[in-house]
Every structure is written in C-alpha cells, then in structure tokens.
Amino acid sequence: MKILVLECEDWEQRAFAARLAEHDVFCAPGPLDALPAGVHADAQALCPFVRSRVTASALARWPALRLVSTRSTGFDHIDLAACDARGIVVCNVPDYGDRTVAEHTFALLLAVSRRLVEAVESTRRGAFAAEGLRGFDLAGRTMGIIGAGRIGRRVIAIARGFGMEALACDPAPDAAIARAFGFAYVGLDDLLARADVVSL
C-alpha cells in the first residue's frame, strides 16, 4: 500500500519505517497545504494530523485514495461527506492521550498549589527564603471538572486519589459513571461556586 503521512516528525518517521516496512510510506514534515501538487499522487492511504485540512478539493489530488487515518482524536479537519461520497474510510484515534493529559493536569495543579514556578525563579535569583512560597494541600479540596468524558474521568480518579472531592459538569450525565468514580454531577454555576480548582 502507498501511504502518505503528513505533519510527520522524525521520531514518527522512524516508527512508520519500522512498523510499516512492507508498505511504500512517504513522510512529509508539513501539513497538506504545504505539500507540492503531484507528490505521491498514487497514494492509497493518507495519514494527516490536525493542521491538515482534508477537504473535497484536497482529496481530488489522490484518485486512488481509499483510507484517511488521522493521528488525532478529533476529525473535524476532515470532510467526512466528501470521503463518504468517494468510498474513503476515515479512522481516528478514539482515546488519544487520556492518561497523559490527565496527569499533565495534575502536574500543572501541583505546580500551582506548591508554587513551584515562583520557588524556582526565587532560587535562580539566589533568594532561598520560603516567604511567599507557602502552597496549599489538595486533600480536602474540591475539584470541578468541566467535561466528564474519558480525560475528565481520569482527572476525577486522580483527584480522588489525592483525597479531593470531585464535581463534574457534563451535557450527558451518567449516574453509573458518577457512582463508579465517586463524584457528583452539578450545574456549571454550582460547580464554579463550590470548586477550589477547576479543570476544563
């Protein structure tokens, strides 16, 4: 199969070469609109990332195309109707980075609660006094999560592990999920009024 990979970083290129050695893979560093016309025109699969706008006119550049496989969860950069009209299958990564994003949320929260940025800057200036650097414990605090999907639920699980109460605002509340993860659904105004910290 001839595969065109867009927005491809060096580490991804090595991974594609190792895992797809039996295929003809062409990796381009930029998005689709930076790709010169005619490059890999006989590609059967297109593998973009989020900066590539896969429109009907873009799809016309590859008459043999049968698959668009985006390396993202979101697929709003792909014209699904145009793909469907041509019989092109579209795939995405449904649970991309759930743990990574949730853990990063807590890296940022710990940096704020422990005033790490201020402490590092103070130390670099040669000031080693703890004055003004007192943080706060997360245990016993209330965390508000706006959006209790896969990432939001992972944030809730970590918050509960820190001994925090969790509140969530979501357009599609699921009582079974709330029971399983130990949180309550509330309206946005209630969440903002009660939460000590909020994660979007």
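As the structure is a computational prediction, the values presented were derived from the model and not from experiment. (Residues numbered from 1 in each chain as written. Predicted model: local features only at pLDDT ≥ 70, side-chain atom pairs only at ≥ 80, totals over all residues. Heavy atoms only, no water.)

### Topic: the pairing of strand 1 (residues 2-5)
Piece 1. Note: strand 1 against strand 2 (residues 24-27), four bridges, orientation parallel. For L4, the partnering residue across the bridge sits in strand 2 and is F26.
Piece 2. Following the backbone out of strand 1, through helix 1 (residues 10-19) and into the adjacent parallel strand 2, one traces a crossover that is right-handed.
Piece 3. Relative to strand 3 (residues 45-47), strand 1 runs parallel, the two being bridged by three bridges. Each residue of the ladder has a partner; that of I3, found in strand 3, is A45. (Pairing = 2+ DSSP bridges. Helix = DSSP H or I, 4+ residues; strand = E, 2+ residues; numbered from the N terminus. Right-handed = clockwise from strand over helix to strand, strands pointing away.)

### Details of the packing of aromatic side chains
Note on aromatic pairs: each is described by the distance of the centres and the angle between the planes.
Piece 1. By the definition in use, this model includes two aromatic pairs.
Piece 2. Relative to F162, the ring of F106 lies with its centre 5.2 Å away and its plane at 15°, an arrangement referred to as stacked. On the criterion of sequence distance, the pair formed by F106 in helix 4 (residues 98-113) and F162 in the loop between helix 6 (150-161) and strand 7 (165-169) is long-range, its members being 56 residues apart.
Piece 3. Exposure remark for F162: the relative accessible area of 32% places this residue in the partly exposed category.
Piece 4. Note on F183 and Y185: the rings are 5.0 Å apart at their centroids and 70° apart in plane angle, and the pair reads as edge-to-face. (Phe/Tyr/Trp six-rings, centres within 6.5 Å; stacked < 30°, edge-to-face > 60°. Buried < 20%, exposed > 50% of the residue type's maximum accessible area, 1.4 Å probe, protein only.)

### A closer look at the sheet that holds strand 3
The pairing of strands in a sheet happens through backbone hydrogen bonds and is either parallel or antiparallel.
Piece 1. Across the sheet, which stays open at both edges, the five strands sit in the order 2-1-3-4-5 with parallel pairing between neighbours. At either end of the open sheet lies a strand with only one pairing partner, and these are strand 2 and strand 5 (89-91). Adjacent strand axes in the sheet meet at a mean angle of 15°, parallel and antiparallel pairs treated alike.
Piece 2. Of the strand pairs in this sheet, strand 3 and strand 4 (residues 67-69) are connected by two bridges, and their pairing is parallel. Bridge pairing in strand 4 links A45 to L67. (Axes fitted to C-alpha atoms, helices over the stretch in contact; angles between N-to-C directions.)

### Some remarks on helix 4
Piece 1. Taking 1.5 Å per residue, 16 residues should reach 22 Å; helix 4 reaches 23 Å between its end C-alpha atoms and fits that length.
Piece 2. Listed in full, the buried residues belonging to helix 4 are D98, A102, T105, F106, L109, A111 and S113.
Piece 3. Lining the buried residues of helix 4 we find helix 5 (116-124), strand 6 (142-146), helix 6 and strand 9 (197-199).
Piece 4. Following helix 4 by one or two positions, R115 adopts a phi angle in the positive range, close to 55°. (Expected span 1.5 Å × (residues − 1). Contact = heavy atoms within 4.5 Å.)

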